[in-house]
Structures are given as structure tokens and as C-alpha cells.
Amino acid sequence: MDPCPFIRLTIGNLALKSPQAAKSSSSVVHPSSSTGFCKIKLKNFPPQTAAIPYIPLETIHFPEIQTLAATFHLSTSDISRLASRSIFASKPCLKISIYTGRAGAACGVHSGRPLAKVSVPLDLVAAQGKQCVVFHNGWISVGKGAGKESSSSPSAQFHLNVKAEPDPRFVFQFDGEPECSPQVVQIQGSIRQPVFTCKFSCRNTGGDRTMRSRSLPAETSVPRSWLNSFGSERERPGKERKGWSITVHDLSGSPVAMASIVTPFVASPGSDRVSRSNPGSWLILRPGDGTWKPWGRLEAWRERGGATDGLGYRFELIPDGSSGAGIVLTESSISSHRGGKFSIELGSSPTASGSVSRSRRRSGGSSSSGGTSPASSPRGGSGDYGYGLWLGSGYKGFVMSASVEGEGKCSKPCVEVSVQHVSCMEDAAAYVALSAAIDLSMDACRLFNQRMRKELCSESLG
């Protein structure tokens, strides 16, 4: 398998030295001590917001601590679009708007006060094929008095590091919706090569009899011991969705990964929605020693939103296939209407190595270290969540992403997996199975007063 070239553009080591903040500044560079924030914009990409810590005015050298504020992932086509020149287009720039005060908004108005705007030119074409290109690393004078040597009042100074590194990935796409048992192709430039096939199954409550002809082979059924360890086989009359599974096969027909619902998606009492307090869950399995072994666990529920709801999710890795608590790698939500991306990206700060949070226990209790969250978590967080998992193997940064369409839309998930996390076909297949599970969760968390498409219905489904 040949990977596709990608570039990972990172913005980090943010800090602000401001005369106005001298009285309230802290000597510790940590987002929790921040009273400033910034909006980071790159053309054609959604803007990102990051906290800016204040540090003492007398600081000359930036502390050795490394922090990651924002990341942009660029494919070859993204770089071409950014680099396209016309009489109306300028050289690609990273634009950063700096604000003092706390990030937040009331009635659509941001609470922070604008301080300055910074632009960092980017030569992304020249960065292709190179190990690392640093576009900026150091202090910039910002605000009133910036660039004026005769100014009586010292200007504020903003520190940042902007660099680009190669981040090659394997790219896969489902040729159809996961519930329709499609092929999965690998994409490399204009070449689309079949690499996997999928088989979707929907069992009824009376046993393992499938409702469609594309049932799983008998030898690939999931051992009941795993179902008991990781999920619930509760039988509830009424509103629930269960019995779904999808198996990924290589081109020889051998099963190489599987995703199966182990905790039914059940409507909360008096409602038509799957709640966060009682999510449904999938087990992602890989073959080993003649049987299936658990690799990861995906929980999903329906988030209440403003104009539209969202699909909430949490994914945890199960170390060594054990039946104990896993390590949460990502927790976030996707718009049920617009869709979005499911992604796993581990922060690069070593400060997280001692604070990897364990997953919520099967009873649904709170996390044992509730102060730490994934970078994309609705609760916010440091962005270091889960980093300690890879500390021994040196893994960090981007792991994978998968596109997810909104409700009622035809979904053919596109899956990107970092090459450092794929050493064999079975590794790639596990991420493909996970992508199918998150895509099918959009249907599993659909309101129970809405009809399901026939491919997902069995005698027990509402």
C-alpha cells in the first residue's frame, strides 16, 4: 500500500507579554493561567480558537515547555488550492487575531477585547517533501507601540511557533453505504484500488438469524464472553436498536476486523432519543489466536443542540485485549444535520504522560481524572488527552479521521490513517471497521419516532 502525501501545519508555544497584564500575570506558562485567547485562520479551513497564557515581562527566552494550540492537515489538493495565484489572491498566510480577556460569547458577541492581528506567510509548496519547515519561531511586537522605537510605552509581545511537517496517510473510501456491504478502495492520487469488502448483518432478538442474505460466516461470530464483558444483552420491549455488526474482509475473503453492537441503543424513558447517560456501544475486534480479540470500544448517543442535535461519541482503546477499563482517545460530537469528521489526534505535549484518563466504568460513572479531556471534547481541555498511551512507542499527533454524513444523506465514509499506525492490512482494517461503526451510529442514534431504512431494520427495531 502506498500512502498519500499530507502536511501537518502546527501552531504552538503561544504566550503573551503585556504591560497591561503585568499585575495579573503568572510565572507559570499553562493554559489554565491564561487571560487571553486568539483565533487562528487558514483559508478554506474552519477557524480555531486557542488560549494564550501570560508570562512575566522580564522573560527573554521562551520556557522549554512545548504546547500545541492548533493543527491544520493539508492534502496535496489543499496545498494546490492555497497556492493558486490570481490577481485577487495573495501568498497563503496564517492569520491570527489576538484578544485579551476570556474566550466566550454572549448573544453572539465575544467577550474578549481585540489587541492585535498577526499574519505569518506560508510557503507550503516548498515545504512538501521536506522533513520540517519552520515558518516562524519567536516573539512579535503587537498592539500599540509595535514597531515604533521612539514609543514611550513598551508594546505587548506575542510568541508563537509555526511549522510544517510531513504526515503521510493511507486513504480509504467505502464504495457505498456501510449497511449495503460495499467494497472499500484505497485512494492514491487518481488510482482507486479495492482492498477490502464489508459484510453487514442485522440480527433479530430471537437469536443470530440474520435478516439479510449478507450474513456473517459462522466462524466469525463474536464469542458471548466478550459481549458479557463489554456490553449488555438486556432484552427490553419497545424502543431499542441492536444486533448490528459489520465485518471487514481482505480480498482473499479472510475476516480481518469487525464492529458489533454490544450495548443496545435504547431510547431514554419518556423520550425518543439515546441519552448520554445511557449510550449504546460498539466493540471493535481484530482476529488473533484463532478468535476475535477486542481492540476498541465506541460509545455513541444523541446530543441535544440548539437548532439541530448532534451525535456524541467517545472512543477508548482496550490495551492488550483486556476486559478492564480502556484508555479514552477521543470524545466529541458531530452535527446530526450537517455531518462532520470523526478524528483521533493525540497531543504532543509531554506534560500529559502522567495524566491519561481511564474510561468511564461500565456503570456510567464519571472519569477518574475529570480535569483532562480530548482536544476536541465538548468539555474542552489541554489537547494532551491520551498521549501517555503512545509514550513507550513514540506515537503522537494525527492517528485517523473518517467523514460522517448527516441524517438522511448518502454516506460513503472516507478514512485517513497515519502511516505510523499501520504496519499490516489488519491494522488498516481495524480503522475501517471503526469508521463504519461511527457512521452507523448516526442511524442508531436517530430519533425513535423516525422510520429507519430497510437495510437496518429487524423484527426488534423501532
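These figures come from a predicted structure and were not determined experimentally. (Residues numbered from 1 in each chain as written. Predicted model: local features only at pLDDT ≥ 70, side-chain atom pairs only at ≥ 80, totals over all residues. Heavy atoms only, no water.)

**A few points about the overall build of the chain**
Each helix and strand counted, the chain has four helices and 24 strands in total. Buried positions account for 51% of the 462 residues belonging to the chain. Nonlocal contacts in the chain, meaning residues at least 24 apart in sequence, comprise 67% of its contacts between residues at least 6 apart. Split by element, the accessible area of the chain, about 21000 Å² in all, is 50% carbon and sulfur. (Helix = DSSP H or I, 4+ residues; strand = E, 2+ residues; numbered from the N terminus. Buried < 20%, exposed > 50% of the residue type's maximum accessible area, 1.4 Å probe, protein only. Contact = heavy atoms within 4.5 Å. Areas by Shrake-Rupley, 256 points an atom, 1.4 Å probe, with all protein chains shown as cover.)

**Re the confidence of the model for the chain**
Interpretation of this model should avoid reading the predicted coordinates in detail wherever pLDDT is low. Of all residues in the chain, 69% have pLDDT values of 70 or greater, and the mean over the chain is 77. Below a pLDDT of 50 lies the segment residues 232-237, which in the model reaches 18 contacts outside its immediate sequence neighbourhood of four places, other chains included. The model gives residues 348-395 a pLDDT under 50, and that stretch makes 97 contacts with residues more than four places away or in other chains. (pLDDT = per-residue confidence, 0-100.)

**Quick notes on the environment of Leu251**
When you line up the elements, Leu251 lands in the loop between strand 15 (244-250) and strand 16 (255-263). Classification of Leu251 by relative accessible area gives exposed; the value is 56%. Sequence separation between Leu251 and Val195 is 56 residues; the distance between their C-alpha atoms is 6.2 Å. Excluding its chain neighbours within four sequence positions, the residues that come into contact with Leu251 are Pro194, Val195 and Phe196.

**Some details on the pairing of strand 20 (residues 310-317)**
Where a strand is regular, its side chains alternate between the two sheet faces. Summarising burial for strand 20: eight of the eight residues are buried, a large majority. Here strand 20 shows no split at all, with Gly310, Gly312, Arg314 and Glu316 on one side and Leu311, Tyr313, Phe315 and Leu317 on the other all buried. Two elements, strand 19 (residues 291-303) and strand 20, share eight bridges in a ladder whose sense is antiparallel. Paired with Arg302 across the strands is Leu311, a residue of strand 20. One ladder, built from eight bridges, connects strand 20 with strand 21 (residues 327-335); its direction is antiparallel. Across the sheet, residue Tyr313 finds its bridge partner in strand 21, namely Ser332. (Pairing = 2+ DSSP bridges.)

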